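Residue-level listing of the chains:
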Amino acid sequence: LPFRFVLRRPQRRLLRWLEERRKKNRPIRLILLKARQWGGSTVIQMYFLWLQLMWQKGLNSLIVAQVKDTAETIRGMFEEALKNFPTKFLYDMGEAFSENEPKFVGVGTSGNVKKVPQRFCKIKVGSMERPLSANGEDYNLVHLSEVGLWKKTDGKSPEEVVQNATNGILYRPYTMIAYESTANGTGNFFHKEWLAAVKGESQFEPFFVPWYEIYDMYHLEFESKKQKTEFAKWLYENRNNTNTMSDREEPGTYLWKLWMLGAPLEAINWYIAERKKFTDHADMAAGYPTDDIEAFKHSGAKVFAEDKVDKFRKGCRAPKFIGDVYGDGYK
């Protein structure tokens with residue numbers, strides 16, 4: 001029997017973001033920076049499936065990951081959903097069909113390409129490790145997974161793989177290119193693309209999911225109402241406290257920032273408990289970022305309080321000059 005895809009809160013927010021653009025007949029160009037394990041890849045694949053099966057025939061999709069196995073796992077989401085999709089909905093009203101006819105068949109011998117014959121669409125997988133497998137050809141929907149992990153090596157670079165995968169896609173409605181990844185350091189392809197999108201310099205639009213929005217996974221209940229009340233009181237009283245007792249804690253100013261951003265008390269309680277696993281804030285932020293700046297931050301001790309840095313950052317502006325400075329003497 002068919003089953004519903006029940007979405008988590010960040011998945012609903014992402015779906016709403018996608019639909020706002022589709023309904024305006026805008027090409028979708030998404031760069032998704034995410035915390036771990038909330039189902040961002042799943043939403044993208046289910047959205048591809050919905051466009052391919054319900055909206056237009058002949059919409060071909062391409063999935064590219066660091067390795068082929070990962071790309072095939074992502075495609076497996078599509079295949080599993082298709083198994084439970086009623087065959088009659090793959091056809092126009094009144095067309096003849098059989099419930100036993102195959103809905104997902106291989107193309108060629110490599111296993112890279114499969115198709116839904118009723119909708120005249122292909123679903124191909126490729127990998128960063130094998131750049132030629134990621135050639136886009138006549139694809140309309142491209143999903144590039146964990147782009148932050150893609151490394152430049154001799155003979156291949158993330159830029160080249162992305163270009164090969166997306167070259168044939170016109171800037172038209174019902175086309176979509178999605179980069180999605182957790183952050184993995186600064187200065188790499190994904191980080192540069194994120195910054196360009198945030199500045200509005202790119203065709204892509206940024207979408208960030210903080211850890212506290214994934215509430216069903218990242219929360220810790222209080223033992224009693226009294227304990228919760230005492231915690232809330234402590235949080236308020238320490239909202240200006242920049243000190244910590246150990247390197248496995250965050251100061252009151254940071255925890256108060258989480259509350260002001262919308263994190264529930266149970267989520268902050270979870271964060272305090274989880275933070276004790278790490279001796280450095282950056283290690284925690286790598287998997288559970290609160291904002292996009294924190295997600296890309298280098299590890300290392302912080303000299304200045306985070307909330308103070310955020311205030312100063314708002315006053316930053318682009319440099320007037322960029323270049324090299326040379327002295328006029330030898331010494």
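In short, a report on the structure. Predicted model only: the values in this text are computed from it and were never measured.

1. Some thoughts on the overall build of the protein chain
Across its full length, the protein chain holds 11 helices and 8 strands. In terms of overall dimensions, the protein chain has a C-alpha envelope of 70 × 70 × 35 Å along the principal axes. Residue burial in the protein chain is summarised as follows: out of 331 residues, 45% are buried. Sequence-distant contacts in the protein chain: of pairs separated by 6 or more residues, those separated by 24 or more amount to 70%. Accessible area of the protein chain: about 18800 Å², with a carbon and sulfur share of 53%. Seen as two clouds, the 51 positive and the 42 negative side-chain charges of the protein chain have centres 3 Å apart.

2. Things to note about the environment of S110
Residue placement: S110 occurs in the loop between β3 (105–107) and β4 (113–116). Residues S110 and P206 lie 96 residues apart in sequence; the distance between their C-alpha atoms is 35 Å.

3. Quick notes on a nonpolar patch on the surface
On the surface, W50, M54, W55 and F89 cluster together into a nonpolar patch covering about 390 Å² of accessible area. Looking at the secondary structure, you find F89 in the loop between α3 (68–83) and β3.

4. Digging into the environment of G187
Along the chain, G187 turns up in the loop between β7 (176–181) and α5 (189–198). Under the relative-accessibility criterion, G187 is labelled partly exposed at 45%.

5. Considering the side chain of N60
Among the secondary structure elements, N60 is positioned in the loop between α2 (40–55) and β2 (61–65). Given a relative accessible area of 6%, N60 falls into the buried group. Of the polar contacts made by the side chain of N60, one reaches the backbone nitrogen of K122; its length is 2.7 Å.

6. A word on the environment of W211
With respect to the secondary-structure elements, W211 resides in the loop between β8 (205–209) and α6 (225–237). A sequence separation of 60 residues divides W211 from Y271, and the C-alpha atoms of the two residues are 9.4 Å apart. For W211, the contacting residues outside a window of four places in its chain are A35, Y218, L258, A267, I268, W270, Y271, Y288, P289 and T290.

7. With respect to the pattern of salt bridges
Tallying each qualifying case throughout the model produces 17 salt bridges. The partner of R22 in a salt bridge is E19, and the shortest N-O contact between them spans 2.6 Å. Placement of the pair is R22 and E19 together in helix α1 (residues 9–23), with a separation of 3 residues, close to one helical turn. Neither R22 nor E19 differs from the other in exposure class; each is buried. In this structure, K122 engages D138 in a salt bridge whose closest nitrogen and oxygen atoms are separated by 3.4 Å. You can see K122 sitting in strand β5 (residues 121–127) and its partner D138 sitting in the loop between β5 and β6 (141–145), a full 16 residues away along the chain. A residue is classified by how much of its surface remains accessible, and K122, at 22% relative accessible area, is partly exposed. Relative accessible area serves as the criterion here: at 41%, D138 is assigned to the partly exposed category. Via salt bridges that share partners, E20, R21, R26 and E205 belong to a single interconnected network.

8. So, the nonpolar core
The biggest cluster of nonpolar side chains holds 39 residues, and the ones touching the most others in it are L14, L18, L30, M176 and W211. Elements that contribute at least two residues to this core include exactly α1, β1 (28–34), α2, β7, β8, α6, α7 (252–261) and α8 (265–275). Dropping the residues within four chain positions of it, L30 is found in contact with L14, W17, L18, I44, M176, I177, A178, Y179, F204, E205 and F207. If you look at the next biggest cluster of nonpolar residues, it comprises 26 residues, including I31, Y139, A183 and A295.

9. Regarding α3
The end-to-end C-alpha distance of α3 is 22 Å, a good match for the 22 Å that 16 residues give at a rise of 1.5 Å each. Along α3, the residues that are buried comprise A71, I74, R75, F78, A81 and L82. The elements touched by buried residues of α3 are α2, β2, β4, β5 and β6.

10. Quick word on the sheet that holds β3
The mixed open sheet is built from 8 strands, whose spatial order is β3-β4-β5-β2-β6-β7-β1-β8. Here the strands that pair on one side only, and so sit at the sheet edges, are β3 and β8. With direction set aside, neighbouring strand axes in the sheet form an average angle of 20 degrees. Helix-sheet contacts for helix α4 (residues 158–166) involve β2, β6 and β7, and the interaxial angle to β6 is about 160 degrees.

Conventions and cut-offs
Residues numbered from 1 in each chain as written. Predicted model: local features only at pLDDT ≥ 70, side-chain atom pairs only at ≥ 80, totals over all residues. Heavy atoms only, no water. Helix = DSSP H or I, 4+ residues; strand = E, 2+ residues; numbered from the N terminus. Buried < 20%, exposed > 50% of the residue type's maximum accessible area, 1.4 Å probe, protein only. Contact = heavy atoms within 4.5 Å. Areas by Shrake-Rupley, 256 points an atom, 1.4 Å probe, with all protein chains shown as cover. Lys, Arg positive; Asp, Glu negative; His and termini not counted. Charge placed at Lys NZ, Arg CZ, Asp CG, Glu CD. Patch = residues over 30% accessible without salt bridge, like charges linked within 9 Å, V, L, I, M, F, W, Y side chains within 5 Å. Salt bridge = Lys/Arg side-chain N within 4 Å of Asp/Glu carboxyl O. Polar contact = N/O pair within 3.5 Å; in protein donor to acceptor, adjacent residues only side chain to side chain. Core = buried A, V, L, I, M, F, W, Y, C linked by side-chain atoms within 4.5 Å. Expected span 1.5 Å × (residues − 1). Pairing = 2+ DSSP bridges. Axes fitted to C-alpha atoms, helices over the stretch in contact; angles between N-to-C directions.

That's the geometry; what it means functionally is another story.
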